[in-house]
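# Close look at the chain arrangement
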Amino acid sequence: MITRSDGAPADGAALGAGAAMPSARQGWGAVFALTLCVATLIASEFMPVSLLTPIAADLHLSEGGAGQAISVSGIFAVVTSLLIASATHGIDRRHLLLGLTLLMIVSGLIVAFAPSFAVLMIGRALVGVVIGGFWSMSASTVMRLVREDEVPRALALLNGGNALATTIAAPLGSFLGQYIGWRGAFFSVVPLAVVTLVWLLATLPSMPSDREAGASNILKVLQRPRVPLGIAAVSLLFMGQFALFTYLRPFLETVTQVSVSTLSLILLVMGGAGLLGTSLIGLLLRAWLDSLLIAAPIVLAVLAVALVATGTSPLATAALLAGWGLVGTAAPVAWWTWLSKVLPDDAETGGGLMVGAVQLAITAGAALGGLLYDFGGYQAAFSAGALILCGSALVAYVGQRIAAGASSRRLGVDAETLRA
């Protein structure tokens, strides 16, 4: 049995051939480095949100055209997430992660010094490659760095970096853009990426790929008993969330009618609640994972309906959105933990499948929410989001019942075999 240097057992299936678990200190050092990588990456992804106007003016574009800098990264993230596991079999995961971090640095430099829109889009496409590649391997990498019982806490830490960056990226970009321009704002991410690269160099152990040519692909992973319904449930979770979340700003400005400063404060509170949620959920996942996968979308659906009912009250809306941040930011941690439990021997392919499904779900949710918001108002968009979230809970419940039934049948067969 493979063990850590501190004597604790490790899951050999997750390690890869010839690999040994790092020490607890090195493993958690690498997890913290990866968390900084997440924060830097997500900040890079969302930086354009608050800088579209100066980007458009400088490159002689419409704001809609400049907005394509966001969508192109999502497209490349989907494609990369679906292909990277099979395309990079045999490559040490340490080298691959370091290469993706270096690509993030190159992307930041390209965007910051882009002389034209075409060059800007190349830089943003590279960010999409890094996003898809990194998140596809996040669960499998964490499983090779820490003990099995520590995986939920490590995944929560990664998602905490995600929540922090999502909270501060847009306001930070706007603030920096006022003083050093949009190019300077993008360049400010580069030093953080360099620090991340150095930290990963110092802490990431060798992680040889245990994948051989012809190893399992996405279609084979989808044939696993619990996978299709799980991917459907997590897709509905993100689709329902973004049918509402994408249109929070116009909702707060036109329905709740808060000032810009109050709006920023509410969003900051929601982000802070998200950080708290990712910190707390790691304590609950070991005993309550299956329950959380069902309860989280139900709670979000209730909050969405409550926002429709009390959206004109700033205090009530702020409280509800704090709850949304607390639960909504933590829910992906539960699904990444589910992935590590259901696909311990193929977390990379499963991670790529999940990332691709989530990216598509976000796009679909935002598009559907936009149509409903334009033609039926916030009530239609938020109600649809609540309905989709209930669908996520239902699919997760059905998946768990089917899995429980299959487990009972296996136990029955085993008992009959023993009696025979």
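These notes cover the structure that comes with them.

Reading guide: rules and limits
Residues numbered from 1 in each chain as written. Predicted model: local features only at pLDDT ≥ 70, side-chain atom pairs only at ≥ 80, totals over all residues. Heavy atoms only, no water. Helix = DSSP H or I, 4+ residues; strand = E, 2+ residues; numbered from the N terminus. Buried < 20%, exposed > 50% of the residue type's maximum accessible area, 1.4 Å probe, protein only. Polar contact = N/O pair within 3.5 Å; in protein donor to acceptor, adjacent residues only side chain to side chain. Arc of directions from axis to C-beta. Phe/Tyr/Trp six-rings, centres within 6.5 Å; stacked < 30°, edge-to-face > 60°. Expected span 1.5 Å × (residues − 1). Core = buried A, V, L, I, M, F, W, Y, C linked by side-chain atoms within 4.5 Å. Patch = residues over 30% accessible without salt bridge, like charges linked within 9 Å, V, L, I, M, F, W, Y side chains within 5 Å. Areas by Shrake-Rupley, 256 points an atom, 1.4 Å probe, with all protein chains shown as cover. Salt bridge = Lys/Arg side-chain N within 4 Å of Asp/Glu carboxyl O. Contact = heavy atoms within 4.5 Å. Axes fitted to C-alpha atoms, helices over the stretch in contact; angles between N-to-C directions. Parallel < 35°, antiparallel > 145°, perpendicular 65-115°, else oblique. Left-handed = near helix turned anticlockwise from the far one by under 90°. Nonpolar A, V, L, I, M, F, W, Y, C, P; charged D, E, K, R; others polar.

### Re the side chain of Glu150
Within the element layout of this structure, Glu150 appears in the loop between α6 (117–143) and α7 (151–187). Here Glu150 falls in the buried class, since its relative accessible area comes to 10%. Polar contacts involving the side chain of Glu150 include one to the side chain of Trp28, which spans 3.3 Å.

### Focus on the environment of Ser261
Among the secondary structure elements, Ser261 is positioned in helix α12 (residues 260–310). Here Ser261 falls in the exposed class, since its relative accessible area comes to 55%. Here Ser259 takes part through its side chain, which lies 3.1 Å from a polar atom of the side chain of Ser261.

### Focus on helix α3 (residues 52–59)
Of all the residues in α3, the buried ones are Leu52, Ile55, Ala56 and Leu59. Seen from one end, α3 has its buried residues packed into an arc of 95°, which puts them on one side. One or two positions beyond α3, positive phi appears at His60, with a value near 60°.

### What to know about the packing of aromatic side chains
As enumerated under the stated definition, the model contains 11 aromatic pairs in all. Here Trp28 and Phe32 contribute two aromatic rings whose centre-to-centre distance is 6.4 Å and whose plane-to-plane angle is 50°, an arrangement assigned as tilted. In this pair, Trp28 and Phe32 are both assigned in helix α2 (residues 24–46), four residues apart and thus about one turn of the helix distant. A relative accessible area of 14% means that Trp28 is categorised as buried. When the centroid spacing of 5.5 Å and the interplanar angle of 75° are considered together, the rings of Phe242 and Phe245 count as edge-to-face.

### Observations concerning helix α8 (residues 189–203)
Three- or four-residue spacings in an α-helix give side chains the same orientation, since the helix completes a turn every 3.6 residues. If you check α8, its first and last C-alpha atoms are 21 Å apart, about what 15 residues at 1.5 Å a residue would give, namely 21 Å. Within α8, the full set of buried residues consists of Val189, Val190, Ala193, Thr196, Leu197, Leu200 and Thr203. The arc that holds the buried residues of α8, viewed along the axis, is 155°, so those residues lie on one side. For α8, the exposed residues set more than 90 degrees away from the buried face come down to Val198 and Ala202.

### Looking at the nonpolar core
Core analysis: the largest hydrophobic core is formed by 103 residues, its most contacted members being Phe251, Trp324, Trp335 and Met354. With 17 residues, the top contributor of residues to this core is helix α14 (residues 347–419). Core analysis: the second largest hydrophobic core is formed by 13 residues, Met47, Leu59, Ala185 and Phe186 among them.

### Some thoughts on a nonpolar patch on the surface
A surface patch of nonpolar side chains, amounting to about 590 Å² of accessible area, comprises Leu164, Ile168, Leu172, Phe175, Tyr179 and Ile180. Along the chain, Leu172 falls in helix α7.

### Brief notes about the environment of Leu97
Considering the arrangement of structural elements, one finds Leu97 in helix α5 (residues 93–112). By relative accessible area, which is 3% here, Leu97 ends up buried. Here the alpha-carbon distance between Leu97 and Val130, two residues 33 residues apart in the chain, equals 9.1 Å. Apart from the residues lying within four places of it in its own chain, the contact partners of Leu97 are Phe134, Met137, Thr141, Leu204 and Met207.

### Comments concerning the packing of α5 against α8
One way to put it is that α5 packs onto α8 with a least axis distance of 9 Å and a crossing angle of 165°. It follows that α5 is roughly antiparallel to α8 by the angle criterion. As for how α5 packs across α8, the hand of that crossing is left-handed. For the pair α5 and α8, contact is made by Arg94, Leu98, Thr101, Leu102, Met104, Ile105, Gly108 and Leu109 and by Val190, Ala193, Val194, Thr196, Leu197, Leu200 and Leu201, respectively. Grouping the constituent residues of the contact of α5 with α8 by class yields 11 nonpolar, three polar and one charged.

### Examining the environment of Val305
Secondary-structure assignment places Val305 in helix α12. Separated by 82 residues in sequence, Val305 and Leu387 have C-alpha atoms that sit 9.5 Å apart.

### Things to note about the pattern of salt bridges
All told, the structure shown has five salt bridges when counted by the stated rule. Taking the shortest distance from any N to any O, the salt bridge between Asp58 and Arg183 comes out at 3.2 Å. Here Asp58 is found in helix α3, whereas its partner Arg183 is found in helix α7, with 125 residues between them in sequence. Its salt-bridge partner being Glu150, residue Arg147 comes within 3.5 Å of it at the nearest N-O pair. Residue classification places Arg147 among the partly exposed residues on the basis of a relative accessible area of 23%.

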